[in-house]
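Results of the structural survey
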Amino acid sequence: MTDGGPPSRSQLAPRERRAALVSGALGFGLLKLSLDGLALAGIPAVFLGGYLLLGLALTEGEIVSEPDVQQQLVYYGLPAAVLASASIIVAACGLTARRRILRRAGIPGRAAIGWSAFGVLIIPWLLSFAALAFATLGIASTQNYSPNDLYWAMWPIFVVAVTVDTAFGAVTGAFATLWMTHLRARRAGRATAAWSGAAG
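Below: a short report on this structure. Note that the structure is a prediction, hence the values are computed from the model and not measured. (Residues numbered from 1 in each chain as written. Predicted model: local features only at pLDDT ≥ 70, side-chain atom pairs only at ≥ 80, totals over all residues. Heavy atoms only, no water.)

Residues I122, I123, L126 and L127 make up a contiguous nonpolar surface patch of about 410 Å² in total accessible area. With respect to the element layout, I123 can be found in helix α3 (residues 110-141). (Patch = residues over 30% accessible without salt bridge, like charges linked within 9 Å, V, L, I, M, F, W, Y side chains within 5 Å. Areas by Shrake-Rupley, 256 points an atom, 1.4 Å probe, with all protein chains shown as cover. Salt bridge = Lys/Arg side-chain N within 4 Å of Asp/Glu carboxyl O. Helix = DSSP H or I, 4+ residues; strand = E, 2+ residues; numbered from the N terminus.)

As a further point, take the nonpolar core. Grouped together as the largest cluster of nonpolar side chains are 13 residues, with contacts concentrated most on F28, L31, I107, A117, L121 and W125. Every element with two or more residues in this core is listed here: α1 (14-59), α2 (67-104), α3 and α5 (155-199). Sorting elements by how many residues they give to this core places α3 first, with four residues. For W125, the contacting residues outside a window of four places in its chain are F28, L31, K32, L35, F118, F168, G169 and T172. By size, the runner-up hydrophobic cluster in this structure holds eight residues, among which are L40, Y151, F158 and V162. (Core = buried A, V, L, I, M, F, W, Y, C linked by side-chain atoms within 4.5 Å. Buried < 20%, exposed > 50% of the residue type's maximum accessible area, 1.4 Å probe, protein only. Contact = heavy atoms within 4.5 Å.)

A word on α3. With 32 residues, α3 should cover 46 Å at 1.5 Å per step; its first-to-last C-alpha distance of 44 Å lies within 8% of that length. The sharpest bend along α3 comes to roughly 40°, located at L121, with the proline P124 sitting one to four residues further on. Of the residues making up α3, those classed as buried are I113, G114, A117, L121, W125, S128, T136 and A140. (Expected span 1.5 Å × (residues − 1). Bend = angle between axes of the 7 residues up to and from the residue.)

Following the sequence through the fold, S23 ends up in helix α1. Judged by relative accessible area, which is 0%, S23 ranks as buried. Looking at S23, its side chain comes within polar contact range of the main-chain oxygen of A19, at 2.8 Å. Filtering out sequence-adjacent residues up to four positions away, S23 remains in contact with F28, R98, I101, L102 and T177. (Polar contact = N/O pair within 3.5 Å; in protein donor to acceptor, adjacent residues only side chain to side chain.)

Right, let's talk about a positive patch on the surface for a bit. A surface patch of positive charge is lined by R15, R17, R18, R99, R100, R103 and R104. Among the elements that make up the positive patch, the one with the highest residue count is α2 (four residues). Residue position: R99 is located in helix α2. (Lys, Arg positive; Asp, Glu negative; His and termini not counted. Charge placed at Lys NZ, Arg CZ, Asp CG, Glu CD.)

Moving on, we get to the environment of V120. You can see V120 is positioned in helix α3. V120 sits in the partly exposed class, given a relative accessible area of 34%. Between the alpha carbons of V120 and A176 there is a distance of 6.9 Å; along the sequence they are 56 residues apart. Discounting chain neighbours no more than four positions away, the residues touching V120 are W179 and M180.

Turning next to the packing of aromatic side chains. The final tally for this structure, using the stated rule, is four aromatic pairs. With a centroid separation of 6.0 Å and an interplanar angle of 75°, the aromatic rings of F28 and W125 are classed as edge-to-face. You can see F28 sitting in helix α1 and its partner W125 sitting in helix α3, a full 97 residues away along the chain. Where W155 meets F158, the ring centres are 5.8 Å apart and the plane angle is 85°; that geometry is what we call edge-to-face. Pair noted here: W155 and F158 are both in helix α5, with a separation of three residues, about one helical turn. Since its relative accessible area comes to 23%, W155 is described here as partly exposed. Here the aromatic residues F28, W115, F118 and W125 are joined through ring pairs into a cluster of three or more. (Phe/Tyr/Trp six-rings, centres within 6.5 Å; stacked < 30°, edge-to-face > 60°.)

Moving on: the pattern of salt bridges. For the structure on display, the rule yields two salt bridges. For the salt bridge of D36 with K32, the shortest nitrogen-to-oxygen distance reads 3.7 Å. Taken together, the residues span about one helical turn, with D36 and K32 both in helix α1 at a distance of four residues. Given the relative accessible area of 5%, D36 is considered buried. Judged by its relative accessible area of 2%, K32 is buried. In this structure, D165 engages K32 in a salt bridge whose closest nitrogen and oxygen atoms are separated by 2.5 Å. Within this pair, whereas D165 is found in helix α5, its partner K32 is found in helix α1, the two being separated by 133 residues in sequence. Both residues of the pair, D165 and K32, belong to the buried class.

What follows is the structure, given as structure tokens:
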């Protein structure tokens, strides 16, 4: 920074750093929660879909009218549809809140920051999801659950796993957003300096 000149845009102000951390934690934490919710909703959806397809192939459509199948659709299909819809809403709320926090702090390039941070997070998130999935299955294998109630009986384990995964998503999202915001500010600072040098 030159004497009497404006502050360098290669450095973030404290307000901008706080906004980057909060927006990343909130936005990506809720996004991670929604992805886990979609995964949980997909378990009964995949099971019911395979069951129905197999039944349709073997019974020429009669399986759909069987009372037991209709009961399974209500027991598993309806909660899965509600959970999937709620997960999509949670993701939309998180991403909207993230953008508004960054905009309120006057941080430009909000979409670019978000996509860059998400690109950084893909591999760690996949690894964390895989690790928690294996841990959940390992814990479930030690329990004496009834096959008919396996999905619902495992929900306490699901809740713990999703809580841990959401916390991981919030922490990594906060620092990934801060990192990308710093990089963008540094690029903007170098561009300004180059323009000023050329103009001089």
